[in-house]
Amino acid sequence: MTLEPLKAELEANIPGCQLEIVNNPSPSGQHSLLIDPGHALAIALYLRDAAHLRFDYLSNVTGVDWPSRELSEKIKVKKIVDGPDGPVEKEVDEVVKTQTHAHLEVVYHLYSMALKHGPVILRMRTEDRADRVHLPSFTPIWRSADFQEREIFDLYGILFDGHPDLRRILMWDEFEDFPMRRDYVEPDDYEYEPTAHDDVLKKTIAHYTGETPGGAA
Amino acid sequence: MSTLTLDPIAAKASLLKKDGGQLLEVSMGPQHPSTHGVFRMDVVLDGENVVKLKPIFGYLHRNHEKIAEDETYLGSMPYTDRLDYFCSITNNWAYALAVESLAGIEVPERAQYIRVITAELTRLQNHASLVGFLMQDMGASGTPLMYAFREREKILDLFESLTGARMMCNYMRFGGCRVDLPTGWLDQAKKVVAAFPKFLDEFENLLVSNEILMARTQGVGIIPAELIVNAGITGPLLRASGVNYDLRKVDKYGIYDRFTFRVPLGDHGDVYDRYMIRILEMRESVKILEQAMRDIPEGPFTDPKTKVRNFRPKPGEAYGRIEAPKGELGFYLISDGSPNPYRYRVRPPSLINLTVLEEMCLNRNIADVVIILGSVDIVMGEVDR
Amino acid sequence: MFGSGVLKGMAETARNFLGSYVDKDRLTTVQYPEEHAPRIEASRNFPFLVYDGPDPMAGLRCVSCFICEKECPPKCIIIEKSTDKKPDAVGKPQAYPVKFNIDVSVCMSCQICVEVCPFDAIKMDVDFEQTATSRFDALLRTKQQLAKSNEYYHQIHPTEAAAVDAELAAARAKAAAPKPAPAVAAAKPATPAPTSAAMASPVATAPPTAAPPAPPTALSSRPEAACRSGETRSATTEASPTPDAPAPPAKETASE
C-alpha cells in the first residue's frame with residue numbers, strides 16, 4: 001500500500017494532523033507514517049472505520065528506544081584560507097557533529113482482516129526519554145494493543161494515556177528500571193544462578209560478600 | 001508478573017457481596033498442571049462462577065529481545081527455538097523471513113519446499129499434542145495425550161534425523177536451510193504422513209462423538225467474531241470464530257500459493273470448534289505435505305551468496321510474519337548496519353491470544369477456565385519471552 | 001443413543017491396546033536404561049574437539065582462532081591461545097589452545113560453533129548421558145575431557161566424518177604440493193590443485209566460491225558437510241594461505 005495517497009487522504013479528513021512519511025531504505029520497502037500524538041486517536045479511528053481502509057487488526061506494537069547519538073557529517077564549506085599569495089577562498093571539508101534528538105518510539109503494524117490488505121505502519125514519538133513520555137493509548141480502538149502497550153510501558157517506560165490497566169506485565173511491580181532501554185545497566189546480581197564462568201562467578205561473589213577475590217574464583 | 005495492586009482491606013471489602021455472601025479470590029498457578037507452564041490467573045469466584053480473571057505473566061521472562069540485541073543475526077536463531085518450544089521450525093522460519101526481507105535475500109526453490117514440509121510437519125505435531133493436552137485438561141487423563149504423543153514422536157524422529165535435534169531444531173538459515181534432506185528422509189517422511197490420516201480417524205473415533213466431550217466443550221468460551229478481530233487473536237482461535245484469515249492464503253509467504261488446500265472455519269467459536277478446527281487443519285496440512293513432497297525439486301538448499309559469519313544487513317527495518325501453528329508469529333527487525341539488530345521484536349501469538357481470556361471465562365465454572373485456557377494453546381516460552 | 005460416542009471411544013482404546021501386542025507402530029516406547037532407542041546419525045548434543053593421531057593433546061585440530069568463542073550465542077566457550085606454534089591437521093604451523101573450556105551447563109547445543117569452525121576442529125557429540133554432582137567444575141569441560149579421536153567421530157557420524165576427511169586430505173595434498181608462486185595461491189585459494197586426493201573427493205573438486213553449489217545428489221549423501229558453503233571453506237584457506245606466512249588472519253578475527 002503506497003503511503004502518499006493515504007497521507008493526503010488523512011490530511012484532508014483530519015484537519016490539523018501532522019504526518020510525515022518515514023522512508024525505509026531496506027529491500028523490504030516497508031515505509032511508515034509518523035503521526036502526531038495529538039491526532040493519533042482520530043487517525044486510528046479513521047483507519048479502522050473508513051470503508052475502503054478497514055484496518056481492523058492491529059498486529060504488532062513495538063517500542064523502540066532512540067537515545068541521543070552523535071552524528072558526524074562531512075560537508076564542504078567555503079572558507080578564506082591563507083595561501084602563498086594572500087587569502088583565497090577555498091572549499092574545505094568540515095566535520096559537523098550533531099546530536100540526534102533522544103526519544104522513544106512506538107511502531108504499529110496495521111492490517112485489514114476484512115479487506116485482506118496491509119500493512120500500514122504507524123509510528124509515534126515521545127518528546128524525550130526522561131519525563132515527557134506520554135503517548136495516547138490505542139487500546140480503546142484495538143484491544144490487541146492491551147498487552148503489548150503494557151509490555152512497552154514495562155520495558156521502555158512509555159506512559160499510554162487512556163490505557164485501562166497500565167501495570168507492569170513481565171517484570172514484577174517493585175521493579176524500577178526499564179530493561180529494554182539501551183542505557184539500562186543490569187544489577188550485578190542479576191545472574192544470581194552463577195555458572196562456572198569465572199567472571200560471572202567473581203561478580204556474584206563480589207555481590208554477596210562485598211569483596212573481589214583475587215585470581216581465579 | 002504483576003499482582004493486583006489493591007489495598008488488602010479494600011480488596012476484602014470488594015469481595016463482600018450484597019447478599020452477605022463472599023467472593024473468593026483464588027490464585028490459579030503458577031505451579032499448576034493446567035496452566036501449561038508457569039502461568040498464573042487471579043480468579044475471583046462467586047461460588048463456582050468466575051466473576052473476574054486477571055492473567056499474570058512473567059515467570060519465564062528472560063528478555064529474549066534484549067538478548068537478541070547483543071547477538072549476531074545468526075546467533076539469535078537458536079534462541080528463537082526456545083520461544084514456542086513445540087514449534088521451533090516455524091519460529092526459525094518467521095525469523096528467517098524477517099531477515100530475508102530486511103536484507104533482500106532470495107530463497108532457492110528447494111529450500112522453499114523443505115521449509116513448507118518441515119513447517120507443516122511442525123503444525124501436525126503441535127496440533128496433535130494440543131488436542132491431546134486439551135483432553136488431558138478435560139480429565140481424559142492419559143489416553144488421548146499418549147496417542148497424540150505417539151504420533152508426535154514419529155515426527156520428532158524425522159526432525160532429529162534432519163536437524164540433529166528433536167525440539168530445538170535451529171534449522172533455518174537466512175536464504176535457506178542449514179542442511180539438505182539426508183538420503184531416504186523423504187521416503188521416511190512420506191511414510192509418516194501417509195499414516196497420519198489413519199491416526200486422525202482413530203482420534204476422531206475416540207473422541208469426536210463422545211457425549212462428555214460435547215457437554216464440556218460446546219458453547220464454552222465463546223468469543224464473537226468482532227471482538228476476536230479487534231483483540232488481534234489469530235490462528236485456529238480466529239478461524240474457529242468464523243473469520244477467514246490464514247496468512248498462508250493472505251500473504252502467500254514462501255510458496256504457499258502453489259498448493260491447494262482449504263481453510264477450515266468454525267461457526268460458534270467455542271472450545272469444541274477450536275478442537276475441530278485443529279483436527280481439520282491437520283487434514284489440510286497432510287494435503288499440503290503430500291503435494292510438497294511430490295513436487296520438491298532438486299537444487300541448492302541454501303542461498304550460496306549469503307554469508308554465515310559477518311552478516312550485516314543495510315540499515316532499515318522489516319516485519320516478517322507467518323502462520324505459525326498458534327497464530328500469527330511476527331518478527332520486527334531494525335538494522336543500523338551493525339552485525340547485531342538494533343531492535344528485535346517478537347510478536348508472540350500466544351501472548352496476544354490471551355488478551356480476551358477474561359471475557360471467555362466470565363460466568364463460566366472454574367473447571368471451564370482450564371479447558372478454555374487449554375483451547376487457546378499457549379506456550380509460556382513465547383508468552384513471557 | 002446417549003453414550004454411543006463413549007462406547008465408540010472405548011472400542012478404539014481396546015483396539016489400540018490389543019494392537020500394541022502385534023503392531024510395532026503402536027508401541028513406540030523402549031525400556032530405557034536397559035534398552036536404547038536406535039540412535040539417529042544426525043543427532044547432536046554437546047560439542048567435542050577432534051584430534052588426529054595417537055596423542056589427544058598434540059593432535060588437536062583446533063588452532064585457537066576464537067571464531068567459535070565469538071560466535072557462540074550463549075558464550076559458553078572459553079579459549080586461551082598459545083604463544084608458540086605446532087603443525088596443525090594440514091601440516092602448517094599454527095597456534096594451539098592452551099585452555100579450551102566449554103561450560104556445558106550453559107551450552108544450548110545449537111551447533112553454531114561447528115558451523116563456523118573453518119578447521120573442522122569442533123564437532124557435535126551424541127553422548128547424552130551426562131550427569132554430574134556439581135553444577136560448577138563438573139560441568140565445565142576442559143580440553144582434556146573434550147578431546148575425542150577422529151575414529152570416534154567416524155563412529156558417531158560416519159557420512160559426515162568421511163566428507164570432512166576427504167576435505168582435509170585434499171587440503172593436505174594441496175599444502176604438500178609444490179607451489180609456483182605463493183601469492184597466486186593465496187589470491188585464488190579455492191582453485192583445487194589437480195592432485196589425486198582432490199580428484200578422489202567430490203567435495204574438494206567443487207570450487208566453493210563458484211556460484212552454483214555442488215549438485216544435490218552429492219549433498220544429500222553428506223548431510224552435515226553440506227551446510228558448508230563457500231564462506232567457511234574460504235576461511236580455511238584464508239587462515240592458512242601459505243606455509244611461509246602462517247596464521248595472521250586468526251588474530252584478525254579474534255580482534256574484530
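Reading the values: the criteria
For every chain, the first residue of the written sequence is number 1, and numbering continues from 1 onward in sequence order. Chains carry letters from A onward and ligands carry numbers from 1 onward, assigned in written order. Reporting in this predicted model follows two pLDDT cut-offs: at least 70 for local features of residues, and 80 or more for side-chain atom pairs to be given and counted; totals over whole chains, interfaces and linings ignore these cut-offs and use all residues. In computing side-chain properties, one takes all heavy atoms of the structure into account and sets aside hydrogens as well as water. Helical segments are the DSSP runs of H or I of at least four residues, strand segments are the runs of E of at least two, and each set is numbered from the N terminus. Per-residue accessibility, obtained with a 1.4 Å probe over protein chains only, is compared with the maximum for each type, and a residue is labelled buried under 20%, exposed over 50%, and partly exposed between these values. In this description, contact between two residues means that some pair of their heavy atoms is separated by no more than 4.5 Å. Computed with a 1.4 Å probe, the accessible areas rest on the Shrake-Rupley method; for each residue, only the protein chains presented here act as cover. Salt bridges are defined by distance alone: a side-chain nitrogen of Lys or Arg within 4 Å of a carboxyl oxygen of Asp or Glu. Interaxial angle, 0 to 180 degrees, is taken between N-to-C directions of lines fitted to C-alpha atoms, where a helix line uses only the stretch in contact. These descriptions rest on fixed angle ranges, namely under 35 degrees for roughly parallel, over 145 for roughly antiparallel, 65 to 115 for roughly perpendicular, and the rest for oblique. Put simply, a crossing is left-handed when the front helix is turned counterclockwise from the back one by less than a right angle, and right-handed when it is turned clockwise. The residue classification treats Ala, Val, Leu, Ile, Met, Phe, Trp, Tyr, Cys and Pro as nonpolar and Asp, Glu, Lys and Arg as charged. All others, Gly included, are polar. Two strands form a pair only when DSSP identifies at least two bridges running between them. We define buried area as the total accessible area lost by two parts upon association, computed with a 1.4 Å probe and summed across both. The term polar contact refers here to a pair of N or O atoms within 3.5 Å; inside protein, the definition further demands a hydrogen-donor-capable atom paired with an acceptor-capable atom, and it admits residues adjacent in sequence only when both atoms are side-chain atoms. Each domain's extent was defined by an automatic or database domain assignment. We define a nonpolar core as any set of buried Ala, Val, Leu, Ile, Met, Phe, Trp, Tyr and Cys residues linked to one another through side-chain atoms lying within 4.5 Å. Scored from 0 to 100, pLDDT records how confident the predictor is in each individual residue.

Regarding its fold elements, chain C presents 12 helices and eight strands. Here chain C holds 256 residues, and the buried ones make up 47% of them. Look at the contacts in chain C between residues 6 or more apart in sequence, and 70% of them connect residues 24 or more apart. With an accessible surface of roughly 12600 Å², chain C has 62% of that area assigned to carbon and sulfur atoms.

On to the pattern of salt bridges, then. When their charged atoms lie close together, side chains carrying opposite charge are able to pair. Residue and element names in this part refer to chain B. All chains considered together, the criterion is met by 54 salt bridges over all chains. A salt bridge links Arg 115 to Glu 100; the nearest nitrogen and oxygen atoms lie 2.8 Å apart. You can see Arg 115 sitting in helix α5 (residues 109-138) and its partner Glu 100 sitting in helix α4 (residues 88-103), a full 15 residues away along the chain. On the basis of relative accessibility, which here comes to 0%, the residue Arg 115 falls in the buried class.

Turning our eyes to something else, we now look at the packing of α5(B) against helix α6 (residues 143-163) of chain B. All names here are of chain B. Direction vectors running N to C along α5 and α6 enclose 155°, while the axes themselves pass 8 Å from each other. Between α5 and α6, the angle falls in the class roughly antiparallel. Once α5 is placed against α6, the crossing between them reads as left-handed. Within the contact between the two elements, α5 uses Thr 118, Leu 121, Thr 122, Leu 124, Gln 125, Ala 128, Ser 129, Gly 132, Phe 133, Met 135 and Gln 136 and α6 uses Pro 144, Leu 145, Ala 148, Phe 149, Arg 152, Ile 155, Leu 156, Leu 158, Phe 159 and Leu 162. Residue classes in the contact of α5 with α6 are distributed as 14 nonpolar, six polar and one charged.

Here we come to the sheet that holds strand β8 (residues 343-347) of chain B. Residue and element names in this part refer to chain B. Strand order in the open sheet formed by three strands is β6-β7-β8, with antiparallel pairing between adjacent strands. Strand pairing shows two members of the sheet lacking a second neighbour, β6 (316-324) and β8, which therefore form its edges. Neighbouring strand axes in the sheet, compared pairwise and without regard to direction, differ in orientation by 10° on average. Relative to strand β7 (residues 327-335), β6 runs antiparallel, the two sharing nine bridges. Within β7, the position partnered with Gly 320 by the bridge is Phe 331. Here α4 sits on the sheet and contacts β6, β7 and β8; the angle it forms with β6, its principal contact strand, is near 150°.

If you look at the interface, chain A gives 50 residues, while chain B gives 51 residues. Roughly 4100 Å² is buried in total at the junction of chain A and chain B, and carbon and sulfur atoms are behind 52% of that figure. Taken together, the connections running from chain A to chain B amount to five salt bridges. In this structure, the connection of chain A to chain B is made through 30 residue pairs in polar contact (both at pLDDT 80 or more). Of all elements in the fold, only β3 (57-66), β6 (103-112) and α3 (145-156) of chain A reach the threshold of two or more residues within the side of chain A that touches chain B. At nine residues, the largest contribution of residues to the side of chain A that touches chain B is made by β3(A). Looking at the side of chain A that touches chain B residue by residue, the classes come out as 22 nonpolar, 13 polar and 15 charged.

Okay, the interface of chain C and chain B next. Where interface size is given, it is often the accessible area lost as the parts come together that is meant. With 45 residues of chain C in contact, the opposing surface of chain B contributes 44 residues. Summed over both partners, the interface of chain C with chain B buries about 3800 Å², with 54% contributed by carbon and sulfur atoms. In this structure, the connection of chain C to chain B is made through one salt bridge. Where Glu115(C) meets Arg173(B), a salt bridge forms, and the shortest distance between an N and an O atom there is 2.7 Å. Our count for the contact surface shared by chain C and chain B stands at 14 residue pairs in polar contact (both at pLDDT 80 or more). Breaking the side of chain C that touches chain B down by element, the ones donating at least two residues are α1 (4-22), α2 (67-71), α3 (112-116) and α10 (216-220) of chain C.

This brings us to the domain arrangement of chain A. Split into domains, chain A comes out as domain 1 (3-65 + 103-170) and domain 2 (68-101). Here the C-alpha centre of domain 2 of chain A lies 40 Å away from the C-alpha centre of domain 1 of chain A.

So, about unusual backbone geometry. Residue and element names in this part refer to chain C. Despite not being glycine, Ser 64 has its phi angle at roughly 45°, a positive value. Tracing the backbone shows Ser 64 in the loop between β1 (47-51) and α2. Positive phi is not limited to glycine here, since Phe 66 has a value of about 70°. Look at Phe 66 and you get buried, because its relative accessible area is 17%.

Moving on, we get to the nonpolar core. By size, the foremost hydrophobic cluster in this structure holds 206 residues, and its most contacted members are Phe138(A), Leu121(B), Phe174(B), Tyr275(B), Leu354(B), Leu357(B) and Phe100(C). The leading source of residues in this core is α5(B), at 13 residues. Not counting chain neighbours up to four residues away, the residues in contact with Phe100(C) comprise Leu49(C), Cys62(C), Cys68(C), Ile77(C), Ile78(C), Ile79(C), Ile122(C), Arg141(C), Thr142(C), Lys143(C) and Leu146(C). With eight residues, the next largest nonpolar core counts Val126(C), Tyr153(C), Ile156(C) and Ala161(C) among its residues.

Relative to the assigned elements, Gly29(B) resides in the loop between β1 (24-28) and β2 (40-46). As a C-alpha pair, Gly29(B) and Met276(B) span 247 residues in sequence and 28 Å in three-dimensional space.

Before going further, it helps to examine the confidence of the model for chain C. Residue and element names in this part refer to chain C. The predicted model of chain C averages 68 in pLDDT, with 67% of residues at 70 or higher. Taken element by element, the predicted model of chain C shows its lowest mean pLDDT in α10 (32) and its highest in strand β6 (residues 122-124) (89). Low pLDDT, under 50, characterises residues 181-256; the stretch is placed with 105 contacts to residues that sit more than four places away or in other chains. Among the prediction metrics, the complex's ipTM stands at 0.84, with pTM recorded as 0.82.

Moving on, we come to the pairing of β6(A). Residue and element names in this part refer to chain A. The element β6 is extensively covered by neighbouring structure, given that 10 of its 10 residues are classed as buried. Here β6 shows a buried face lined by His 103, Glu 105, Val 107, His 109 and Tyr 111 and a second buried face lined by Leu 104, Val 106, Tyr 108, Leu 110 and Ser 112. In this structure, β3 lies alongside β6, joined through nine bridges in antiparallel fashion. From the neighbouring strand, Gly 63 faces β6, where its bridge partner is Val 106. The sheet contact formed by β6 and strand β7 (residues 117-125) spans seven bridges and is antiparallel. Counterpart to Leu 110 in the pairing with β7 is Val 120. Counting the residues that bridge the hairpin from β6 to β7 gives four residues, and of these Lys 116 lies at a positive phi of roughly 55°.

In contact at an axis separation of 12 Å, α6(B) and α1(C) are set at 50° when each is read in the N-to-C sense. Regarding the angle of α6(B) to α1(C), the classification is oblique. For the pair α6(B) and α1(C), the crossing hand works out as left-handed. On α1(C), the residues touching Thr143(B), Tyr147(B) and Arg150(B) of α6(B) are Glu12(C), Thr13(C) and Asn16(C). Here the residues of the contact of α6(B) with α1(C) sort into one nonpolar, three polar and two charged.

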